[in-house]
Amino acid sequence: MGVHWYPGHMAKAKRNLQKALKLVDIVIEVLDARIPYSSRNPDIKKLINDKKAVVVLNKEDLADEDVTFRWMEYLNKKREKAVAVNSLTSKGIEQIINYIDEIQGHDKGFKKIVKGIIIGIPNVGKSSLINQLSKKSSAKTGNRPGITKGEQWINVKKGFRLLDTPGILWPKFQSPDIGVKLAITGAIRDELFDAEEVAVGFINIVLKLNYLNKLEERYGLCLKGMESFKILEEVGRKRGCLLKGGCIDTLKAAGLLLKDYRMGKLGRLSLEIP
Ligand SMILES: Nc1nc2c(ncn2[C@@H]2O[C@H](COP(=O)(O)OP(=O)(O)OP(=O)(O)O)[C@@H](O)[C@H]2O)c(=O)[nH]1
Ligand SMILES: [Mg+2]
C-alpha cells in the first residue's frame, strides 16, 4: 500500500518549469507551513541556481505558531529569505511586496520591469497568494488540487508580472511518510489514496507531536492511552459514522477527520518540525 502521488503528467510539468525559469528574475517558492520539508521539491534549488528567491510558508494560520517560528529560524540560518503568509488575509504579504520593490529599485527615476514565477505543490495556495499580492482575483482558486491547469501571466502591480503555474509533485521514493503528509494536507487528489490509511497516519503524527488534546477538545473525547485506529473508531462513534448493523464506519470517520484538519477545525497543528 502507501500513497502513490506521482502521476505521469508531472514529468511534463517539470519540463515546462525548467523552460519558464529561464524567463524570470525572481522565484516565489510556496511551501505548506504545516509541512515545509515534505512540501519542498528537492530539485528546485538546482533549477533556481543563483536567481533571487523567496520561500513562502503559506497557510500559516493552520500551522503551529511556535513550530513555524522554528522553521523560519532554520531557513534563515541557511540564508534563505522566508516569509510566513496567510494568503486569505494579508499576513506576510507586505514583506513580499517590499522585497519586489527592492528588486525594482524604487529610489531610481524609473522602475525596472521584474518578472517572477510562483511554484509549489498542488493546492498549497499559489493562486490565492497571487490574488492577495495583486489585490484582485485574476487567478482561479479552489479547495482541491489541480485547479490551475496551465501557466498564466498576471499583472501584480506596475512593472511586476508573475507567472502562475500548476502545482507540481515529484517522486520522493525514499520516504513513504512524505506521501502521507501530502495526502493529509490536501495536495493529492482524494481518489488517489486510502483515506483510512492516511487518517491513521495523521493520528500517529498527532500522537508523536503531542497534539492529542486538540482532538480531544474538538470531539469531546478522552483518548489517552489509545492506539491510532482505536482513536479513529472513537471519533467515528462520537460523530455517528455508523454502518448498517451498528458497526463504526471508519472510512467515513477518516474523511471527516481529514476534512476537519484541512479546515482548521482542530486548531493550529503542524505535521513536522525542523
Ligand atoms: N487557511 C488557509 N487556506 C488557504 C490559504 N491560501 C490558500 N488557501 C486555500 O487553499 C485552497 C487552494 O488554494 P489555491 O490558491 O487554489 O491553490 P493553488 O496552489 O493555486 O492550487 P493548484 O492551482 O491546484 O496547484 C483554497 O481553498 C484556498 O482558499 C491560507 O493561507 N490559509
Ligand atoms: Mg492555482
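Remember, predicted model here, so these are calculated numbers, not experimental data.

Q: Any chance you could explain the site of ligand 1 here in plain terms?
A: Taken together, 23 residues surround ligand 1, and among them Asp61, Lys126, Ser128, Gly146 and Thr148 come closest. Side-chain polar atom of Asp61 to a nitrogen atom of ligand 1: 2.7 Å apart, as the coordinates give it. For ligand 1, an oxygen atom lies 3.2 Å from a polar atom in the backbone of Val124. Relative to its free-state accessible area of 660 Å², ligand 1 is covered by the protein chains to the extent of 91%. Per element, the largest residue contribution to the shell around ligand 1 is three residues, and it comes from helix H5 (residues 126–134). When the residues that make up the shell around ligand 1 are grouped by side-chain class, the tally is six nonpolar, 13 polar and four charged.

Q: In this structure, what is going on with the pairing of strand E2 (residues 52–58)? I would like to understand it.
A: Here is the key point about a regular strand: its side chains alternate between the two faces of the sheet. A large share of E2 lies buried, amounting to five of its seven residues. Here strand E1 (residues 26–32) runs beside E2; their pairing, made up of seven bridges, is parallel. Note that in E2 the partner of Glu29 across the bridge is Val55. Pairing of E2 with strand E3 (residues 82–84), which is carried by three bridges, proceeds in the parallel orientation. Paired with Leu57 across the two strands is Ala84, which belongs to E3.

Q: Sorry, what's going on with helix H7 (residues 195–208) here?
A: Helical geometry: 3.6 residues make up each α-helical turn, so side chains three or four residues apart lie on a common side. Between its terminal C-alpha atoms H7 stretches 20 Å, which fits the 20 Å expected from 14 residues at 1.5 Å a residue. Within H7, the full set of buried residues consists of Ala195, Val198, Ala199, Val200, Gly201, Phe202, Ile203, Ile205 and Val206. The secondary structure elements touched by the buried residues of H7 are helix H6 (176–185), helix H8 (212–219), helix H9 (228–238) and helix H10 (250–262). Between a side-chain oxygen at the N-terminus of H7 and the backbone nitrogen of Glu196 the separation is 3.2 Å; the capping residue is Asp194. Following H7 by one or two positions, Asn210 has its phi on the positive side, about 60°.

Q: Looking at this structure, I do not really get the domain arrangement of the protein chain. What am I missing?
A: The accessible area lost on association of the parts is a frequent measure of interface size. For the protein chain, the assigned domains are domain 1 (9–164) and domain 2 (194–262). Just the C-alpha atoms count here: the centres of domain 1 and domain 2 sit 34 Å apart.

Q: Would you take a moment to explain the coordination of the magnesium ion (ligand 2) for this structure?
A: Coordination angles at a metal have ideal targets, namely 109.5 degrees for four tetrahedral donors and 90 or 180 degrees for six octahedral donors. Note on the magnesium ion (ligand 2): its protein donors are Ser127 (OG) and Thr148 (OG1). The metal-donor distances range over 1.9 to 2.2 Å. With a gap of 21 residues between them, Ser127 in helix H5 and Thr148 in the loop between H5 and strand E5 (152–157) connect regions that are remote in the sequence. The same class applies to Ser127 and to Thr148, which are both buried.

Q: What's the story with the packing of H9 against H10 in this structure? I'm lost.
A: How two helices pack is summed up by the angle between their axes together with the distance between the axes. The contact between H9 and H10 brings their axes to 9 Å, and the two run at 85°. As judged from the angle between their axes, H9 and H10 are roughly perpendicular. Where H9 abuts H10, its residues Phe229, Leu232, Glu233, Val235 and Gly236 lie against Thr250, Ala253, Ala254, Leu256 and Leu257.

Q: Quick question: what am I supposed to make of the pattern of salt bridges here?
A: Any two side chains of opposite charge can pair if their charged atoms end up close together. Inspection of the entire model under this criterion finds 15 salt bridges. For the salt bridge of Glu80 with Arg40, the shortest nitrogen-to-oxygen distance reads 2.8 Å. With Glu80 in the loop between helix H3 (65–77) and E3 and Arg40 in the loop between E1 and helix H2 (44–48), this pair connects stretches of sequence that are 40 residues apart. Of the two residues, Glu80 and Arg40, both sit in the buried class. Among the charged side chains, a network of salt bridges with common partners joins Glu29, Arg40, Lys45 and Glu80.

Calculation criteria
- Residues numbered from 1 in each chain as written.
- Chains lettered and ligands numbered in written order.
- Predicted model: local features only at pLDDT ≥ 70, side-chain atom pairs only at ≥ 80, totals over all residues.
- Heavy atoms only, no water.
- Near = heavy atom within 4 Å.
- Polar contact = N/O pair within 3.5 Å; in protein donor to acceptor, adjacent residues only side chain to side chain.
- Areas by Shrake-Rupley, 256 points an atom, 1.4 Å probe, with all protein chains shown as cover.
- Helix = DSSP H or I, 4+ residues; strand = E, 2+ residues; numbered from the N terminus.
- Nonpolar A, V, L, I, M, F, W, Y, C, P; charged D, E, K, R; others polar.
- Buried < 20%, exposed > 50% of the residue type's maximum accessible area, 1.4 Å probe, protein only.
- Pairing = 2+ DSSP bridges.
- Expected span 1.5 Å × (residues − 1).
- Contact = heavy atoms within 4.5 Å.
- Domains from an automatic or database assignment.
- Donors = N, O, S within 2.8 Å, 3.2 Å for Na, K, Ca; no water.
- Axes fitted to C-alpha atoms, helices over the stretch in contact; angles between N-to-C directions.
- Parallel < 35°, antiparallel > 145°, perpendicular 65-115°, else oblique.
- Salt bridge = Lys/Arg side-chain N within 4 Å of Asp/Glu carboxyl O.

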